[in-house]
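Next come the chains, spelled out residue by residue.
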Amino acid sequence: MERTQFNISGMTCTACASAIERKVGQIDGVDSAVINFSNEKLIVQHDPTLAPVPLIVTTITALGYGATLVEEGSKFTSGTNKKQNDKPGYQVQIDEVKARLISSLIFTLPLFYLAMGPMIGLPIPAFLAGEKNLLINALTQMFLTLPVVFLCRHFYINGFKALAKRIPNMDSLVAVGTSAAFIYGVIVLFILAYGFSYDNMELIHHYSHELYFESTTVILVLITLGKFLETKAKGKTSQAIEKLIALVPENARALRNNLEVEISIDEVRIDDIIIIRPGERVPVDGIILSGHSSVDESLLTGESLPVEKVTGDTVISGSMNKTGSFEFKATKIGQDTTLSKIIQLVEEAQSSKAPIARIADEISRFFVPAVMGISLLTFIIWMILGFGLSFALSAAISVLVISCPCALGLATPTAIMVGTGKGAEKGILFKNGPALEILGKSNTVVFDKTGTLTIGSPSITDIILYDSEIDQNELLTITASLEKKSEHPLSEAIVNKADELHLSLHEVSKFDSLSGLGIQGQLAGKNVVIGNIKLMEQNSLSVDHIMNDYLRLSDLGKTPLLVGWDQSVKGIIGVADTIKENSNLAVSQLKAMGIKVYMLTGDNERTAQAIGNTVNIENVVANVLPHEKASMIKNLQAEGHQVIMVGDGINDAPALAQSDVGIAIGNGTDIAIESADVILMQNDLMNIVSAIQLSKATLKNIKQNLFWAFIYNVIGIPLAAGVLFIPFGLKLNPMFAAGAMSLSSVSVVLNALSLKTFKAKLLNVKQPEANPTVSKATLLKDKKIEMKEGKKMKKLLKVSDMSCQHCVKRVESVLNGIDGISDVSVSLEQSQASFTASDNVNLSAVTAALTEAGYPASEITE
């Protein structure tokens, strides 16, 4: 199946959209056809062999609408499509409607004055005044009407064509209503001529006020005015994409043959060296080779403060360079840049249809035929009741022109467009309309731990000294000097801290990595050992006085590295994957919104509880293997929860796909982002709160729009039909009906635009107690870590002191060497090993074998 987009022209209401969806959907090989009436874009899922693009285009044009293919990789599409005159597509449409409106008014205003002026005592030219000039007056009105009908001829062309194809739309209602008024006016003109020919003054007096020419033109002008206001308002819904497109500079300054040349952005190639000066925008994505600066990425990520960039950092297209100059190597160009992908995501989201839109779609399918039936019924009833042709015709025309299928059609897509655009401004990218709707309805959030609630890389959290003759910097200098020789992730954290403090490291004369224990070496005249308690004991270093600190750090989920020389432990350096700044606040806000929060992690129970305690999450699921995350989500869904999954890694992709709405952190892996429905450009979990609140606000706005669209038609159509005339003498003039119809669509769009003022709100949250109890989530009741398969069981071990892939291979070798064990899988990141064991395998012997090999092991049970 392929996914193809088309720009559709000629639609006037949701009846048009429904007809196109229905006809295209009937083509053999088309899986789905979804049209967004607001931005006039059709998305078709189809088999290109059974339903090729030309066949789809032919089907649409046969209905009387225009269809052009949105070429893949095209930067500008739909409402933001740039024309030859450099105007956005919607601006061209606004200019066209405006010109038609002004031209129509030139003829309508004098016509309206001629028809209505004498009724309120206003003077008119002598050659048109008086009883003897009635015929000339009537002819003048007709000749003033004809140019307006010509200028608004598209109503008649499209409307009657749609009628002929039995897919009537809003144009059909306007065409039938105004045609009836105009034809009736022409008939009255002939009656007046007959009266003057045969000197029948009674006939002349009776029909002299029955001309409907002014109704024809005023209806056309008011509906054109409504279209003008609607088109102008709809244009504002695309401003988010406009702003993003405007970020792309037209030219770039590149080095070619060691010469600095200015080239078009389309000429930039991968690995080109691009030069950026203060005040310039970055044209493509790349990596800084030299120089440094602060870069404003606010319009792309929502981050308000400029970001400091140095050699090795990445820059993204569209960001604004502030103070310094730098050179960078282009790594992504054209449609592969971050900015282009953001534009594509926002456009796709704005073109999609939310589930709630199905209500309006079903109604709009039958709306116009029903209105035409009501109009005809209204005419017949008033004629039967004896109120005359003029009264019956006026009521029937009022029914036609007051009904507004557009309001129903605009209710959902305009809100979706503004909501997704507002999200993009805040660095929250919704991939589709359903995600925007479902997010606000969800009642459970499941967080991955590493890289989501935590930063994702270890850093130093504590330095504890046991020797008064040294300070923290000296302990860190000695430790970093030795750790620089190691490739362990914890070593990198220590070396980075030393670099941050600009510490001068010592030369190391001897170095040895001790698997499962730590490292040792000679430097600054000392034999230094760094590692766990077992390594200290092997080197006869007493650990009794440091055990309280060691256990306390361990209980907090940190890794304590003992550092010793000269027969004593000099200090402990605590290393941990630290919690993100706003994790606790985000969790508290989610809970205040009535959302249940879970955390999934592969860590052991003690570490998981420590992290859960820190971020105020009571429902903690520990010892979860990567492939089990999706089943955890499925279990929650089976219990009736609508689940939001938040993650950033490859391991999270299945869970993100399984959840009702998957949210990927923007700095996560491409696979996680592909699997997610919502992408956060900032690494800030408070944006999850903003996204949910924006979703709720958008859903509320859609419901408001649908309510007013329904109520307007439910009240307006019976009122126009004259239900209040007999009891109260109230009758709606067709011109007022046309005005009401125009304003209804505008009001819906304006209400949708109110979402542009959306701001996330912080709820009042009761601060948690100092050490709340963190319990194991009940979710684990369905998780069978130990599964019997005949005479075999699935086993899971916690394996400590693995530090590299060599350790992993040694653990695998030990396990595979034991009879009765198969399907061995070892995870360095989670310090776990899983395998299938027959019932004659002694698990104590397995853990003893691993411990003897230098990797203390223990069984993980429920």
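Going by the structure above, here's the rest.
Below, the structure is looked at part by part. (Residues numbered from 1 in each chain as written. Predicted model: local features only at pLDDT ≥ 70, side-chain atom pairs only at ≥ 80, totals over all residues. Heavy atoms only, no water.)

The helix and strand inventory of the chain stands at 30 helices and 32 strands. By the burial criterion, 52% of the 862 residues in the chain qualify as buried. Restricting to contacts in the chain with at least 6 residues of sequence separation, those with at least 24 account for 70%. For the chain, the computed accessible surface area is about 38100 Å², with 55% contributed by carbon and sulfur atoms. (Helix = DSSP H or I, 4+ residues; strand = E, 2+ residues; numbered from the N terminus. Buried < 20%, exposed > 50% of the residue type's maximum accessible area, 1.4 Å probe, protein only. Contact = heavy atoms within 4.5 Å. Areas by Shrake-Rupley, 256 points an atom, 1.4 Å probe, with all protein chains shown as cover.)

Let us now look at the environment of aspartate 555. Inspection of the secondary structure puts aspartate 555 in helix H20 (residues 547–555). Along the sequence, aspartate 555 and alanine 610 sit 55 residues apart, while their C-alpha atoms lie 6.6 Å from each other.

Reading across from one edge, S16-S21-S20-S19-S18-S17 is the order of the 6 strands in this open sheet, with antiparallel pairing throughout. Each edge of the sheet is formed by a strand with only one pairing partner; in this case those strands are strand S16 (454–465) and strand S17 (508–514). Across the sheet, the mean angle separating the axes of adjacent strands is 20 degrees when strand polarity is ignored. One ladder, built from 8 bridges, connects S16 with strand S21 (residues 568–579); its direction is antiparallel. Each bridged residue has a counterpart across the sheet, and for aspartate 462 the counterpart in S21 is glycine 574. (Pairing = 2+ DSSP bridges. Axes fitted to C-alpha atoms, helices over the stretch in contact; angles between N-to-C directions.)

We now examine helix H14 (residues 405–425). In this model H14 runs 31 Å from its N-terminal to its C-terminal C-alpha over 21 residues, within 8% of the 30 Å that 1.5 Å per residue would give. The sharpest bend along H14 measures roughly 35 degrees and falls at alanine 411, with the proline proline 413 sitting one to four residues further on. When you tally the buried positions in H14, you get 20 out of 21 residues, the bulk of the element. At the C-terminal side of H14, glycine 427 shows a positive phi close to 80 degrees. (Expected span 1.5 Å × (residues − 1). Bend = angle between axes of the 7 residues up to and from the residue.)

Geometry of an aromatic ring pair is reported as the spacing of the ring centres plus the angle between the planes. Following the criterion strictly, the structure yields 11 aromatic pairs and no others. On the numbers, 4.7 Å between centres and 40 degrees between planes, the contact of tyrosine 194 with tyrosine 198 is tilted. Judged by relative accessible area, tyrosine 194 falls into the partly exposed class, the value being 46%. Between lysine 731 and the ring centre of phenylalanine 391, over which it is positioned, the NZ or CZ distance is 5.3 Å. (Phe/Tyr/Trp six-rings, centres within 6.5 Å; stacked < 30°, edge-to-face > 60°. Lys NZ or Arg CZ within 6 Å of the ring centre and 35° of its normal.)

Here we come to the nonpolar core. If you look at the biggest cluster of nonpolar residues, it comprises 129 residues, and the most contacted ones within it are Ile8, Ile20, Val24, Leu42 and Phe447. Looking at which element gives the most residues to this core, the answer is helix H26 (residues 686–721), with 14 residues. Beyond its immediate chain neighbours, meaning those up to four positions away, phenylalanine 447 contacts Thr452, Leu453, Val587, Leu590, Val597, Tyr598, Met599, Leu600, Ile617, Val646, Leu685 and Ile688. Counting residues in each nonpolar core, the second largest holds 23 residues, with Leu482, Ala493, Val528 and Val563 among its members. (Core = buried A, V, L, I, M, F, W, Y, C linked by side-chain atoms within 4.5 Å.)

Two side chains of opposite charge can pair, provided their charged atoms sit close to one another. Scanning all chains against the criterion turns up 13 salt bridges. Of the charged contacts, one joins aspartate 448 and lysine 629 as a salt bridge, the two residues approaching to 2.9 Å between their closest N and O atoms. With aspartate 448 in strand S15 (residues 444–448) and lysine 629 in helix H23 (residues 629–638), the pair connects residues that are 181 residues apart, well separated along the chain. With respect to burial, aspartate 448 and lysine 629 carry one shared label: buried. The network of salt bridges with shared partners includes Arg253, Glu260, Arg277 and Glu280. (Salt bridge = Lys/Arg side-chain N within 4 Å of Asp/Glu carboxyl O.)

Pairing is antiparallel in the open sheet, where 4 strands are placed in the order S2-S3-S1-S4. Only two strands of the sheet have a single neighbouring strand rather than two, namely strand S2 (30–36) and strand S4 (66–69). The average undirected angle you get between the axes of adjacent strands in this sheet is 25 degrees. Taken together, the 6 bridges between strand S1 (residues 2–9) and strand S3 (residues 41–46) define a ladder with antiparallel strand orientation.

As a further point, take the side chain of serine 398. Mapped onto the elements of the fold, serine 398 is located in helix H13 (residues 388–402). Its relative accessible area of 0% is what places serine 398 among the buried residues. Reaching out from serine 398, the side chain makes a polar contact with the backbone oxygen of serine 394 at a distance of 2.9 Å. Sequence-distant contacts of serine 398, defined by excluding residues within four places in its chain, comprise Ala720, Leu732, Asn733, Pro734 and Ala737. (Polar contact = N/O pair within 3.5 Å; in protein donor to acceptor, adjacent residues only side chain to side chain.)

Side chains of strand S9 (residues 293–296) alternate between two faces, with Ser293 and Val295 and Ser294 and Asp296 buried alike. Pairing of S9 with strand S10 (residues 307–309), which is carried by 3 bridges, proceeds in the antiparallel orientation. Residue serine 293 lies in a different strand from S10, and its bridge partner there is lysine 309. As defined by bridge partners, S9 adjoins strand S12 (residues 320–321) across 2 bridges and the pair is classed as antiparallel. Within S12, the residue paired with valine 295 across the bridge is asparagine 321.

Axis separation between H13 and helix H28 (residues 734–753) bottoms out at 8 Å; the angle between their running directions is 10 degrees. The orientation of H13 with respect to H28, classified from their angle, is roughly parallel. Taken together, the residues of H28 that come into contact with H13 (itself represented by Ser394, Ile397, Ser398, Val401 and Ile402) are Pro734, Ala737, Ala738, Ala740 and Met741. Among the residues forming the contact of H13 with H28, the class breakdown is 8 nonpolar, 2 polar and no charged. (Parallel < 35°, antiparallel > 145°, perpendicular 65-115°, else oblique. Nonpolar A, V, L, I, M, F, W, Y, C, P; charged D, E, K, R; others polar.)

At histidine 502, a residue that is not glycine, the phi angle is positive and equals roughly 60 degrees. Mapped onto the elements, histidine 502 comes out in the loop between helix H18 (489–500) and S17.

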